[in-house]
Amino acid sequence: MDMGIVNAGLITVYSEIDAELRVRVEDVILNRRNDATDRLLEIAERFRGEKGVQIVEDLSWREKPVTERLSHALVKGITGYIEQDTEEARQQFDQALEVIEGPLMDGMNVVGDLFGSGQMFLPQVVKSARVMKQSVAYLLPFIEAEKAKSGDISTKGKILMATVKGDVHDIGKNIVGVVLQCNNYEIVDLGVMVPYDKILKTAIEEKVDIIGLSGLITPSLEEMAQVASEMQRENFDIPMMIGGATTSKIHTAVKIAPNYNHPVIHVLDASRAVGVASNLLSKTLKDDYVAKVANEYQDMRDRHARGKKKRDRITIGDCRDNRFPIDWANYTPPKPSFLGVKSFRDYDLGRLVNMIDWTPFFRTWELAGNYPKILQDKVVGEIASNLFAEAEAMLTSIQDEKWLTAQAVIGFWPANAVGDDVVLYSDDSRTDIIETVPFLRQQIRKRQGSYNMCLADFVAPESSGKADYFGGFAVTAGIGIDEKIQQFQAKFDDYSSILLKSLADRLAEAFAEHMHQLVRTEYWGYAPDETLTNEEIIRERYDGIRPAPGYPACPDHTTKPTLFTLLDATKNADIVLTDSMAMMPASSVSGYYLSHPKAQYFGIGKIGEDQVADYARRRNVDINHVKRWIASNII
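Predicted, not measured: the structure shown is a model, and the values here were computed from it.

### Some points on the packing of helix H3 (residues 66–76) against helix H4 (residues 82–91)
Inference 1: Two numbers describe how H3 lies on H4: the axes approach to 9 Å, and their chain directions differ by 145°. Relative to H4, the crossing made by H3 is left-handed. Counting all contacts with H3, which are made through Val66, Arg69 and Leu70, the residues of H4 involved are Ile82, Asp85, Thr86, Glu88 and Ala89.
Inference 2: Tallied by class, the residues present in the contact of H3 with H4 amount to four nonpolar, one polar and three charged.

Below you can see the structure in the form of structure tokens.
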């Protein structure tokens, strides 16, 4: 559009246009999406007949007493009047602290009850917490002036929360903290990458009632076990709560709980955290609850021990004899368009938005369902639609105001498989080996026609005489996020902070998917005519794969330094590895590229001691080092 004729008298205040409508209209006007017109038509019926008339905000609740207004604002997540109402409430009480202990806590109790009964959902609860924090922040100067301390506020208990050493992921932890705060628990949040000595020291100083540990990557599991051991050594007696994407009830029972003689409870998600904390701190319920969990965990340990004996394992030699069969004689591996590395600086975020897989985004917010059907879901559809509209609006700000910067590096090297290793060469003469990438193999007896797979199976073996290649990548969409998060935190806006982090994660995954598509069609070029839809890409209908270190097909995180060295990822993409192999920024993805059309994703599962010893020998590292890093994969 070059020009439009409008009636200025009917123009709506831009910020007050429905968020979802605004984004979709902008998509059409700015030509940001190929499907922009269709998406605008999808929602057009909802706005038919409005003729530009602004929807009047229902302010009838403003006529109620201030205590009811505060409760309404908390339940609805409305921040626009919170300071005004907080001040009015303060004038009605003898002390500012009474506003917190009275109407604010009453309102949050309503929120907690509604969330617990399934009548409110996580995005709404996080918005409620934003209202609460802004009100408390307004009151704090008055409380200090009255020589009262915020720590004197009566709460149900004090909980220390931390993402363990080496891990930089904290979305889940932050969500759990918000939910607990909404239920009148005081939270001491130590942030990310917290060593065990700081956790224990702070727990003593703050006199906390529970320690909550979070982690996303596999090494965090070992770090949690270490914290439990140190708590036992230091004679702690307070309960532990364990949570995070890689954690599980069985792992908690088998690997963490035995290190500590007091309650260690796995928390599945934020919706369960309140119940767990309540039981652990209840004078009447704690003993029965702890005994029940202890018995359940003992049963799990017993079943796990019996299962170890019954599992039908075969030797690593037999597994290699049952490798995935590929007819290398009648296959010519494609050669990439270049060898070495190529970096992509300040990449256009607009090219990534259309490739976002939205289903995991909603799961981050504990909304069950697949996109786009979730937007019409009878239970969570309205909440999901509102969240989606706000996410799209924030994506617009991320792009227009350059909140985030995306960078990537990819690389290709001549390669051949030697056993379960992939050997990389400096050039096509294949005389100088620059690196060896080791892989693990499935080690359970397979039925006839199934194979014990290893990623090395999909690279031409050296003995075949075929010249094959191997790729790697590292991408991030999180550069610049810390500054914006600090701005949100300064405004006590957990909702926007968590929303931004969850979107940055989705953009990073979309970037990985986008680069893989470019690799298939252009840079490696083995699928130049690929015309897959985004849905087909999400369903992995493409040729070749991009497995990542630390994930099921190659669970050893400690191969990442080799990949980062090959890519020079810190220099080329500004991504840094922690000692525990987590990537910073947290919204980053790295992995390998394999081109063979039969290459597929799979999980290694449990492996035997013979393969562990063989793997340690191939890597030339101590076997205990291997056991620590792939502990969850060892029988």
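The rest of the description comes next.
### Remarks on unusual backbone geometry
Inference 1: Residues Tyr371 and Pro372 are joined by a peptide bond in cis, for which omega reads 5°.
Inference 2: Its place among the elements puts Pro372 in the loop between helix H15 (358–364) and helix H16 (381–400).
Inference 3: A cis geometry characterises the amide bond from Met584 onward to Pro585, with omega recorded as 0°.
Inference 4: Mapping Pro585 onto the fold places it in the loop between strand E12 (583–584) and strand E13 (588–593).
Inference 5: For Asn184, which is not glycine, the phi dihedral falls at a positive 70°.
Inference 6: With phi around 60°, Asn620 is a residue other than glycine that occupies positive phi space.

### Some points on the sheet that holds strand E5 (residues 264–266)
Inference 1: As summarised here, the arrangement of the five strands in space is E2-E1-E3-E4-E5, forming an open sheet in which the pairing is parallel. What marks the edges here is a single partner per strand, and that holds for strand E2 (186–189) and E5. Going across the sheet, the axis of each strand differs from the next one's by a mean of 25°, ignoring polarity.
Inference 2: Taken together, the five bridges between strand E1 (residues 158–163) and strand E3 (residues 210–214) define a ladder with parallel strand orientation.

### Observations concerning the packing of aromatic side chains
Inference 1: Summed over all chains, the structure comprises 26 aromatic pairs.
Inference 2: For the pair Phe344 and Tyr347, a centre-to-centre distance of 6.2 Å together with 75° between the ring planes defines the contact as edge-to-face.
Inference 3: With a centroid separation of 5.9 Å and an interplanar angle of 70°, the aromatic rings of Trp403 and Phe488 are classed as edge-to-face. Taken as a pair, Trp403 in the loop between H16 and strand E7 (405–418) and Phe488 in helix H17 (residues 481–490) lie far apart in primary sequence, 85 residues in all.
Inference 4: Judged by relative accessible area, which is 13%, Trp403 ranks as buried.

### Quick notes on the environment of Leu180
Inference 1: Assignment of secondary structure puts Leu180 in helix H7 (residues 171–182).
Inference 2: Expressed as a C-alpha distance, the spacing of Leu180 and Met108, which sit 72 residues apart in the sequence, is 10 Å.
Inference 3: The residues touching Leu180, leaving out its near neighbours within four places in the chain, are Ile159, Met161, Tyr185, Ile187, Met241, Ala273, Val274 and Ala277.

Analysis parameters
Residues numbered from 1 in each chain as written. Predicted model: local features only at pLDDT ≥ 70, side-chain atom pairs only at ≥ 80, totals over all residues. Heavy atoms only, no water. Axes fitted to C-alpha atoms, helices over the stretch in contact; angles between N-to-C directions. Helix = DSSP H or I, 4+ residues; strand = E, 2+ residues; numbered from the N terminus. Left-handed = near helix turned anticlockwise from the far one by under 90°. Contact = heavy atoms within 4.5 Å. Nonpolar A, V, L, I, M, F, W, Y, C, P; charged D, E, K, R; others polar. Pairing = 2+ DSSP bridges. Phe/Tyr/Trp six-rings, centres within 6.5 Å; stacked < 30°, edge-to-face > 60°. Buried < 20%, exposed > 50% of the residue type's maximum accessible area, 1.4 Å probe, protein only.

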